[in-house]
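# Summary of the model geometry
Letter by letter, the chains look like this.
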2 protein chains.
Amino acid sequence: MYEGAVQELIDELGRLPGIGPKSAQRIAFHILEADPEDMRKLASSIVTVKDKVKFCSICGNVTEQETCTICRDSRRDPTMICVVEESKDVIAVERTRSFRGRYHVLGGAINPIAGIGPDQLRIRELLSRLSDEQISEIIIATDPNLEGEATATYLSRMLKTLGINVTRLASGLPVGGDLEYADEITLGRAFEGRRSMS
Amino acid sequence: MYEGAVQELIDELGRLPGIGPKSAQRIAFHILEADPEDMRKLASSIVTVKDKVKFCSICGNVTEQETCTICRDSRRDPTMICVVEESKDVIAVERTRSFRGRYHVLGGAINPIAGIGPDQLRIRELLSRLSDEQISEIIIATDPNLEGEATATYLSRMLKTLGINVTRLASGLPVGGDLEYADEITLGRAFEGRRSMS
């Protein structure tokens, strides 16, 4: 145990996700020895982000205004909505440059063990968009894991009863990967989703 | 790229040691969604540590006063000094409860590639302690790697010319480890340092 302020900082850092006691200690000593001005900037970034950043009133993505840059961008196709779990996923899809529609951020995935059901996600907001906006396709891009699949199934059943065209991102072998290292579920999906070659 | 404040926070976090872009993003979103009061505490811990924490004027360990708790503790043996690289190492040795003397924190190890020579370490301060204090033994507890060994060799040569009893922590097999997984240098050291059994 260290004296007062150092130990307090180590404790606070240790509560952040993915930071164990050793990392917390290393980061605390880095902070101790770093330029005071840089560290004041880090501290104020933390406070600023809490003060300034909100969630887009349309799609739930992070923004500093009432709506996010993507929802405000008139060049984006307003008839397509890509449904993702988190704002991080918006960035991931944006990087691909394969999608020019808009997003809907659920704020997580259905996970009964963690007590997250459909009501804890921004599904009601998605439904109200469907009645307000003219939507031709909803692409479900939740994570390809248990929770993400459950959420995708739940959404697609609900949306299909409303007569909406719902698609899901393809599962299969990751590009650049090795077939022999693929797990059996991924490889099974790759077979199911096989396409005829042109 | 995110909008303003979020990206700024990700950038600031990414500059901390051992935090890559993915972790920085995860932590930033955790901060966004966490309790504002907790995050204000984290930010103020960072500022407080920079304001309050100093280095002990005797041994160089972290402290919030002029000297550290160990140097102020009259029950500690003042004739033994354990020389370590960093304050973290003081904590590690303290945890063993095998040492009841005092410390000297060098602030690093000799590393010519990084431009750290003896003058960049608190060696001058160690020498002045030797003339002021009555020292019977100096235990060198620098890291058992290239830089730590170089520093140990440098110190022991210098201190021996002053007629001081200098020792080095034993190298050998880690307790609880498997002999077959020990690297050859460690195993070699374990042979060199073998002791007769009682």
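Residues numbered from 1 in each chain as written. Chains lettered and ligands numbered in written order. Predicted model: local features only at pLDDT ≥ 70, side-chain atom pairs only at ≥ 80, totals over all residues. Heavy atoms only, no water.

Turning to the overall build of chain A, a few remarks are in order. A count of helices and strands for chain A gives eight helices and six strands. Sequence-ordered secondary structure for chain A, helices as α and strands as β, is α-α-α-β-β-α-β-α-β-α-β-α-β-α. A globule of 198 residues ought to have a C-alpha radius of gyration of about 16 Å, yet chain A, at 21 Å, is considerably larger. Expressed as lengths along the three principal axes of its C-alpha atoms, the size of chain A is roughly 65 × 45 × 35 Å. Burial status across chain A gives 42% buried among its 198 residues. Nonlocal contacts in chain A, meaning residues at least 24 apart in sequence, comprise 47% of its contacts between residues at least 6 apart. Within the structure as shown, chain A displays about 11,400 Å² of accessible surface, and the carbon and sulfur contribution to it stands at 52%. Here chain A carries 25 positive and 30 negative side-chain charges, and the mean point of each set is 5 Å from the other. (Helix = DSSP H or I, 4+ residues; strand = E, 2+ residues; numbered from the N terminus. Rg over C-alpha atoms; globule rule 2.2 N^0.38 Å. Buried < 20%, exposed > 50% of the residue type's maximum accessible area, 1.4 Å probe, protein only. Contact = heavy atoms within 4.5 Å. Areas by Shrake-Rupley, 256 points an atom, 1.4 Å probe, with all protein chains shown as cover. Lys, Arg positive; Asp, Glu negative; His and termini not counted. Charge placed at Lys NZ, Arg CZ, Asp CG, Glu CD.)

Residues and elements named next belong to chain A. Read from one edge of the open sheet, four strands run 4-3-5-6, paired in parallel fashion. Strands with a single pairing partner mark the edges of an open sheet, and in this sheet they are strand 4 (102-105) and strand 6 (166-168). Recorded for the sheet is a direction-independent mean angle of 25 degrees between the axes of neighbouring strands. Judged from the four bridges that link them, strand 3 (residues 80-84) and strand 4 form a sheet pairing that is parallel. When the bridges of strand 4 are listed, Val84 appears paired with Val105. (Pairing = 2+ DSSP bridges. Axes fitted to C-alpha atoms, helices over the stretch in contact; angles between N-to-C directions.)

So, on to the interface of chain A and chain B. Chain A puts 52 residues into the contact, and the matching count from chain B is 52 residues. Taken together, the two surfaces of chain A and chain B that pack against each other cover about 4,700 Å², and 68% of this comes from carbon and sulfur. Counting every contact that joins chain A to chain B gives two salt bridges. Between A:Asp51 and B:Arg40 there is a salt bridge, with its nearest N and O atoms 3.2 Å apart. Where chain A packs against chain B, one counts ten residue pairs in polar contact (both at pLDDT 80 or more). Going through the elements one at a time, helix 1 (4-14), helix 2 (21-33), helix 3 (36-52), strand 2 (62-63), helix 4 (69-72) and helix 5 (87-96) of chain A are the ones with two or more residues in the side of chain A that touches chain B. By residue number, the principal contributor to the side of chain A that touches chain B is helix 3 of chain A, which donates 14 residues. (Buried area = accessible area lost by both parts, 1.4 Å probe. Salt bridge = Lys/Arg side-chain N within 4 Å of Asp/Glu carboxyl O. Polar contact = N/O pair within 3.5 Å; in protein donor to acceptor, adjacent residues only side chain to side chain.)

Per the domain assignment, the segments of chain A are domain 1 (4-52) and domain 2 (65-168). Computed from C-alpha atoms alone, the centre-to-centre distance between domain 1 of chain A and domain 2 of chain A is 34 Å. (Domains from an automatic or database assignment.)

This part covers the nonpolar core. With 46 residues, the main nonpolar core has A:Val6, A:Leu13, A:Ile31, B:Val6, B:Leu13, B:Ile31 and B:Ile46 as its most contacted residues. Where this core is concerned, the elements lending two or more residues are helix 1, helix 2 and helix 3 of chain A together with helix 1 (4-14), helix 2 (21-33) and helix 3 (36-52) of chain B. With near-sequence residues (within four places) excluded, B:Leu13 lies in contact with A:Leu42, B:Ile19, B:Ala24, B:Ile27, B:Ala28 and B:Ile31. (Core = buried A, V, L, I, M, F, W, Y, C linked by side-chain atoms within 4.5 Å.)

On to the packing of aromatic side chains, then. The full count for this structure, using the stated rule, is two aromatic pairs over all chains. Judged by centre distance (5.3 Å) and plane angle (70 degrees), the rings of A:Phe99 and A:Tyr103 are edge-to-face. (Phe/Tyr/Trp six-rings, centres within 6.5 Å; stacked < 30°, edge-to-face > 60°.)

The next thing to look at is the pattern of salt bridges. In total, this model carries 14 salt bridges over all chains according to the counting rule given. The network of salt bridges with shared partners includes A:Glu149, A:Arg168 and A:Arg189.

Strands belonging to one sheet form pairs held by backbone hydrogen bonds; the direction of such a pair is parallel or antiparallel. Residues and elements named next belong to chain B. With respect to topology, four strands assemble into an open sheet ordered 4-3-5-6, the strand pairing being parallel. Here the strands that pair on one side only, and so sit at the sheet edges, are strand 4 (102-105) and strand 6 (166-168). Within the sheet, the average angular offset between the axes of one strand and its neighbour, ignoring direction, is 25 degrees. Sheet analysis places strand 5 (residues 137-140) next to strand 6, joined by three bridges and oriented parallel. Each bridged residue has a counterpart across the sheet, and for Ile138 the counterpart in strand 6 is Val166. Against the sheet, helix 5 (residues 87-96) engages strand 3 (80-84) and strand 4, with an angle of about 155 degrees to strand 4. Against the sheet, helix 6 (residues 123-132) engages strand 3, strand 4 and strand 5, with an angle of about 150 degrees to strand 4.

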